[in-house]
Amino acid sequence: MEMADYKQHTPYNVPAIILTPDKNEKTKGVNTKKYKEKGMFFCSFRTFGGTEKTVNNLLVIEKTAVVETWYRPDITSDCVIAVDGVKYEIISPPENINMRNQVMKFKVRAIKGGV
């Protein structure tokens, strides 16, 4: 029985930048992560209008997206990506589709307050 190959749903035409953790610094007694630019990659970036959640009995739309791209082992769950100047943290471990090291998929959330 042959396993069907995974087919990408949309073209990988959105440029994104990988930011990897560099070091932690203490600023005014608060630990802050510093990131360095690792490089650029192309992906599909689908927001679906964000994610709804309730905070203090108020409906809030959180800016989330699903990212699909060619497999890169340097994209991990502790990285940050930047798309159109907005930084996103990776909130799900990047999934290596069919464990074939060809395509990966993960979910991101916009970072508020900056990194």
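Computed from a predicted model, the values in this text were never measured in an experiment.

Engineer: I'm lost on the overall build of the protein chain in this one. Help?
Structural biologist: On a plain count of helices and strands, the protein chain comes out with 0 helices and 9 strands. Considering only C-alpha atoms, the protein chain reaches an extent of 60 × 35 × 25 Å along its principal axes. Across the 115 residues in the protein chain, those meeting the buried criterion constitute 27%. For the protein chain, the proportion of contacts with a sequence separation of at least 24, taken over those separated by at least 6, is 54%. Surface accessibility of the protein chain: about 7,900 Å² in total, with carbon and sulfur atoms responsible for 52%. Positive and negative side-chain charges of the protein chain, numbering 18 and 13 respectively, have mean locations separated by a distance of 6 Å.

Engineer: Help me out: how do you make sense of the side chain of Glu68 in this one?
Structural biologist: If you trace the backbone, Glu68 turns up in strand E5 (residues 64-70). A distance of 3.0 Å separates the side chain of Glu68 from the side chain of Tyr12, its partner in a polar contact. Contact partners of Glu68, with chain neighbours within four places excluded, come to Tyr6, Gln8, His9, Tyr12, Cys43, Ser44, Arg46, Val103, Met104 and Lys105.

Engineer: Just checking my understanding: could you explain the packing of aromatic side chains for this structure?
Structural biologist: Two numbers describe a pair of aromatic rings. These are the distance of the centres and the angle of the planes. Under the defined criterion, the tally for this structure stands at 2 aromatic pairs. Measuring from centroid to centroid gives 5.1 Å for Tyr12 and Trp70, while their planes differ by 85°, and the two rings are edge-to-face. Placement of the pair is Tyr12 in the segment before strand E1 (14-27) and Trp70 in strand E5, with a sequence separation of 58 residues. For Tyr12, a relative accessible area of 11% puts it in the buried group. Note on Trp70: relative accessible area 48%, which makes it partly exposed. Taking 5.1 Å as the distance between ring centres and 65° as the angle between the ring planes, the aromatic pair formed by Phe45 and Tyr88 counts as edge-to-face. Taken together, the positions of Phe45 in strand E2 (residues 30-46) and Tyr88 in strand E7 (residues 86-90) put the pair 43 residues apart, joining distant regions of the chain.

Engineer: Please explain the environment of Lys26 as it appears in this structure.
Structural biologist: On the secondary structure map, Lys26 appears in strand E1. Residue class for Lys26 comes out exposed when judged on its relative accessible area of 62%. The sequence separation of Lys26 and Glu89 amounts to 63 residues, and the corresponding C-alpha distance is 20 Å.

Engineer: What is the right way to look at the state of the cysteines in this model?
Structural biologist: Simply put, disulfide is the name for a covalent bond between the sulfur atoms of two cysteines. What the rule picks out here adds up to 0 disulfides. No disulfide involves Cys43; its sulfur sits 14 Å from the nearest other cysteine sulfur, which is in Cys79. For Cys79, a relative accessible area of 2% corresponds to the buried category.

Analysis parameters
- Residues numbered from 1 in each chain as written.
- Predicted model: local features only at pLDDT ≥ 70, side-chain atom pairs only at ≥ 80, totals over all residues.
- Heavy atoms only, no water.
- Helix = DSSP H or I, 4+ residues; strand = E, 2+ residues; numbered from the N terminus.
- Buried < 20%, exposed > 50% of the residue type's maximum accessible area, 1.4 Å probe, protein only.
- Contact = heavy atoms within 4.5 Å.
- Areas by Shrake-Rupley, 256 points an atom, 1.4 Å probe, with all protein chains shown as cover.
- Lys, Arg positive; Asp, Glu negative; His and termini not counted.
- Charge placed at Lys NZ, Arg CZ, Asp CG, Glu CD.
- Polar contact = N/O pair within 3.5 Å; in protein donor to acceptor, adjacent residues only side chain to side chain.
- Phe/Tyr/Trp six-rings, centres within 6.5 Å; stacked < 30°, edge-to-face > 60°.
- Disulfide = S-S within 2.5 Å.

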